[in-house]
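Each chain is listed here by its residues.
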Amino acid sequence: MPKNPNIKSVLIIGSGPIIIGQACEFDYSGSQAARSLREEGIEVVLINSNPATIMTDPISADHVYLLPLEKKSLVEILEKHQAMGRPIDAVLPTMGGQTALNLAIDADKAGIWKKYNVDIIGVDIKAIETTEDREKFRLKMIELGVNVCKGRTARSFLEGKEIAQEIGFPLVIRPSYTLGGTGGGFVHTEAEFDKALNNGLHASPVHEVLVEQSALGWKEYELELLRDSKGNFIIICSIENFDPMGVHTGDSITVAPAMTLPDTLYQQMRDLSRKMMDGIGKFAGGCNVQFSVNPADDQIIAIEINPRVSRSSALASKATGYPIAKIAAKMAIGYDLDELINPITGTTSAFFEPSIDYVIVKVPRWNFDKFQGSDRSLGLQMKSVGEAMGIGRNFQEALQKACQSLEIRRNGLGADGRELRDQEQIKYSLEHPSWDRLFHIYDAFKIGLSFKTIQNLTKIDPWFLRQIEELIELEHQIEKFELDELPKDLLLTAKQKGYADRQIAHLLGTKESKVYDRRKELGIKRIYKCVDTCAAEFEAKTPYYYSTFNSSQETPDNESIVSDRKKVVVLGSGPNRIGQGIEFDYSCVHGVLAAKESGYETIMINCNPETVSTDPDISDKLYFEPVFWEHVFDIIEHEKPEGVIVQLGGQTALKMAEKLEKYGVKIIGTSYDSLDWAEDRGRFSSLLEELEIPYPKFGTVRTSDAAVELSRSLGFPLLVRPSYVLGGQSMKIVINEKELEQHVVKILHDIPDNNILLDHFLEGALEAEADAICDGEDSYIIGVMEHIEPAGIHSGDSHAALPHFDLTDDEVRQIEDHTRKIAKAMSVKGLINVQFAIKNGVVYVIEANPRASRTVPFICKAYQEPYVNYATKLMLGAKKVSDFTFNPVKKGWAIKIPVFSFNKFPNVNKELGPEMKSTGEAIYFIDDLQDDFFQKIYGERNLYLSR
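Bear in mind that the values here come from a model prediction, so they are computed numbers and not experimental data.

Novice: Tell me what's going on with the overall build of the protein chain, and back it up with residues and numbers.
Specialist: Assigned secondary structure in the protein chain consists of 31 helices and 33 strands. Over its C-alpha atoms the protein chain spans a radius of gyration of 27 Å, differing by no more than 12% from the 30 Å that the globule rule assigns to 947 residues. Across its three principal axes, the protein chain shows a C-alpha extent of roughly 80 × 80 × 65 Å. For the protein chain, the residues scored as buried account for 66% of the 947 residues in total. Across the protein chain, contacts joining residues at least 24 apart in sequence account for 70% of those joining residues at least 6 apart. Carbon and sulfur atoms make up 48% of the accessible area of the protein chain, which amounts to about 33,700 Å² in all. Of the charged side chains in the protein chain, 106 are positive and 137 negative, and the gap between their average positions amounts to 1 Å.

Okay, here's the thing in structure tokens:
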């Protein structure tokens, strides 16, 4: 069926602030869908309250509404467009996760879509209800002849108890209409059951839970599919969970394509998927189906079906190069699969199943260290905050690359001196999955635990365990040699299995640079392969690459052809985590687009499958590789760019600056010396002294004795923090010597050999920050934001107002003067963020960050100006500040609202301090300071300040 000619404008609902269970994968799908619809000449209207996304940028849609995701906002938008004489014809709710779906269903029940004559496209409400309501889903599957776990839905505590009695333990509790497994869990005893049932009934918005038999330890698979209105369907890819049933799929290590799925079972799953999709109702678009397989008898059970794009569809899109959201959006407006072209080849039909000749491994990224006292065990409730993806020619290479991408100070799966040796601890970890179980499986083989014991404790498929065991065997072989005697084929094998030079150096007791030199000498070079969706059967138009090592090094088959254009590399920000989220991806994408406008060929390096920056349509070339020194340097050696932009990818990219400088690679924009100036507290304070800018008294120590000694001259309270961290990692306010000593000892344990900074804490001070763009001489201050909470709460966790609301003209003048002076003295080219504490009319500088900050996208959205674009052109030297005409839209105030995911960690105290805990943010506009919302948060500003 061709495009529906009646649809001239479409409303896309976004997913709101980033929370655990719903992250930036929906920014990727939303922005892809918007671009896909605009290609068809459709006017795109978008609602989302998250200011940090590309989706809410003017480049994505014709009309962007940064409004709360509630029915009132929908009515406001629908009425406005009717009044403009351009009514909205349809709403697409499948691109914004559970938030968008729930809002679309609420609006449907309230008769909003009917009243304004808006069609719901891309999904059928009945299909959603069938899949989200656990009882309806169970009954529908039984009707279709699809196996499901034995169980029933409980709508009351009493009913739940009766069902438990009927089925017997162990049991699973799954609340209806929740995301990321919220409120769900495994229950092994009656005592646990009462509490879990109560939690589940409260977590479900409709107060219903499914109580069913447990399939704990079974194998888990997902199929990612597309289906059109004719019923044509294709499987984009199969995904296998490395972790067996019992760990939420968002917290599982996943592998694509499935490694241990026999063809007979795969064909059965295909048939079941088709039956399930046809049976739940009429819909066209992306769909995810989850199955469990009993390893004892290969019985297949359907776990769930999601008729919308999901976290897995972002992963499947990046894994195969097939843009699911883009095609799903076109199908939502009427097209069928056989009428569309595959965007990767540009010539073949979209009605084909990708085949891939490489392996993808996704490893989640957790942030338990931000939630002291949290339950770190993994179960049915998702707890990870992000993920990294590795691409390799084999499972081992992809796994090691994913581990190198996590930024948890590991150099791969192991071989880095950070192994656990305690047998009892290892066994406990194998049986009770937590974030580091993967590493402990490696440790278990290393200390010689038997294969059988490891398999019994983990229930992980023997094939995966053998892959890890093989790595240990290879390491034993390598350790027998000195570097200069290491046989070429052994070194090549290690590289093909994903070992970094630094891991090999660790095994041989030598330096990373010496291993690098040795492999260069032996001609063992990285080559780049194209991600092409069709196992190289057709030529791909999309320049999307991963690295590997050829067995035949004499004829390196390098598919990444280097052009003779002037190039720039933009370093991405790696997996999402607290303190470094989607706002840095926003900056990277705008950096790439600005460099393109300035005539450069743009090269993006990143490893986060959820983001817009790893959409192959954004840069001229995408290298889906770890933002890890060895990988970055090899790409630079291959491409020979003019330089590298490190200011846009958060601390991840910034940490590369020293190595780039050392290896003679040009850093575009602010020099390494200036970047280091801001991080080195001693140098920075000397600069402030020279510029006559006030700052809190401080000192640097490396031992707890020195800290106690220094505290006597600085005076309590003190702010204690390590150097070179993001998101206030390990920052704390201490009020006496005992607390000071305890915290310093803890930091030295977690981050050995680190400089520790002690600042006199300005109690009761106001806090503000300024962002500016600079050309080395002149600066333009893009915004001054005042925090509503007092100093002491991390800026990422504070509500903040743009512009300021409570500062005197003199205090604002001091803020602007200090910012300009610091930027000029440090020759900043690009962006800078400066944080201030204001007490008794004096403005003190707390810190300066010469890079993109968390607040830059917020200011861009609030003032409707593309400051990252301007800043990138200043970095490249293509423009001066005086070349731009600034015309910010200033009306009322924009409030930044931090959003937390504390519901995932019920035992954690919710107090706030210098260490950041929020997972995302929303923007809210007010006309005046008498606004009820503002008055409420202003009245509570001191409520959560803790240490």
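Novice: Requested: an account of the packing of helix 1 (residues 25-39) against helix 10 (residues 311-320), with residues and values cited.
Specialist: Orientation of helix 1 relative to helix 10, taken along the N-to-C sense of each, is 70°, at an axis distance of 9 Å. When the axis of helix 1 is compared with that of helix 10, the two are roughly perpendicular. As helix 1 runs across helix 10, the sense of the crossing is left-handed. Every residue of helix 10 that contacts helix 1 at Glu25, Phe26 and Tyr28 is listed here: Arg311, Ala314, Ser317 and Lys318. Its residues assigned to classes, the contact of helix 1 with helix 10 comprises 3 nonpolar, 1 polar and 3 charged.

Novice: Could you give me a rundown of the environment of valine 206, with the residues and numbers involved?
Specialist: Among the secondary structure elements, valine 206 is positioned in the loop between helix 8 (190-203) and strand 9 (209-213). Note on valine 206: relative accessible area 38%, which makes it partly exposed. Spatially, the C-alpha atoms of valine 206 and leucine 831 are 47 Å apart, while their sequence positions differ by 625 residues. Apart from residues no more than four positions distant in its own chain, valine 206 is found in contact with Ser176 and Tyr177.

Novice: I'd like to hear about the sheet that holds strand 2 (residues 43-47), residue by residue, with values.
Specialist: Reading across the sheet, the 5 strands line up as 3-2-1-4-5 and stay open at both edges, with parallel pairing between neighbours. Edge positions in the sheet fall to strand 3 (63-65) and strand 5 (119-120), since each of these pairs with one other strand and no more. The pairing of strand 2 with strand 3 spans 3 bridges and is classified as parallel. The partner of valine 45 across the bridge, within strand 3, is histidine 63. Packed on one face of the sheet, helix 1 meets strand 1 (9-13), strand 2 and strand 4 (90-92) and runs near 175° to strand 1.

Novice: Summarise the pairing of strand 16 (residues 386-392); cite the residues concerned and give the values.
Specialist: Most of strand 16 sits out of view: 7 of its 7 residues are buried. Relative to strand 16, strand 15 (residues 359-365) runs antiparallel, the two sharing 7 bridges. Residue valine 361 lies in a different strand from strand 16, and its bridge partner there is glycine 390.

Rules behind the numbers
- In this numbering scheme, every chain counts its residues from 1 along its sequence in written order.
- Residue-level local features of this predicted model are given only where pLDDT is at least 70; pairs of side-chain atoms are given and counted only at 80 or more, and the full residue set underlies all totals for whole chains, interfaces and linings.
- Neither water nor hydrogens contribute to the side-chain values; these are computed over all heavy atoms in the structure.
- A helix here means a DSSP run of H or I that spans at least four residues, while a strand means a run of E at least two residues long, and both kinds are numbered starting from the N terminus.
- With C-alpha atoms as the basis for the radius of gyration, the globule rule is written as 2.2 Å multiplied by the number of residues raised to the power 0.38.
- Under the scheme applied here, a residue whose accessible area is under 20% of the maximum for its type counts as buried, over 50% as exposed, and between as partly exposed, the area being computed with a 1.4 Å probe on protein chains only.
- The contact criterion used throughout is that any non-hydrogen atoms of two residues lie within 4.5 Å.
- The accessible surface values rely on the Shrake-Rupley method and a 1.4 Å probe; as for residues, cover is taken only from the protein chains in view.
- Under the convention used here, Asp and Glu are negative, Lys and Arg are positive, and both His and the chain ends fall outside the count.
- In plain terms, the charge of a residue is placed at NZ if it is Lys, CZ if Arg, CG if Asp and CD if Glu.
- Throughout, an axis means a line fitted to C-alpha atoms (over the contacting stretch in the case of helices), and angles, computed between N-to-C directions, take values from 0 to 180 degrees.
- Small angles under 35 degrees read as roughly parallel and large ones over 145 as roughly antiparallel, with 65 to 115 read as roughly perpendicular and the rest as oblique.
- Handedness of each helix crossing follows the sense of rotation of the near helix against the far helix: counterclockwise by less than a right angle gives left-handed, clockwise gives right-handed.
- Throughout, the ten residues Ala, Val, Leu, Ile, Met, Phe, Trp, Tyr, Cys and Pro are labelled nonpolar, Asp, Glu, Lys and Arg are labelled charged, and all others, Gly among them, are labelled polar.
- A strand pair is defined by DSSP finding two or more bridges across the two strands.

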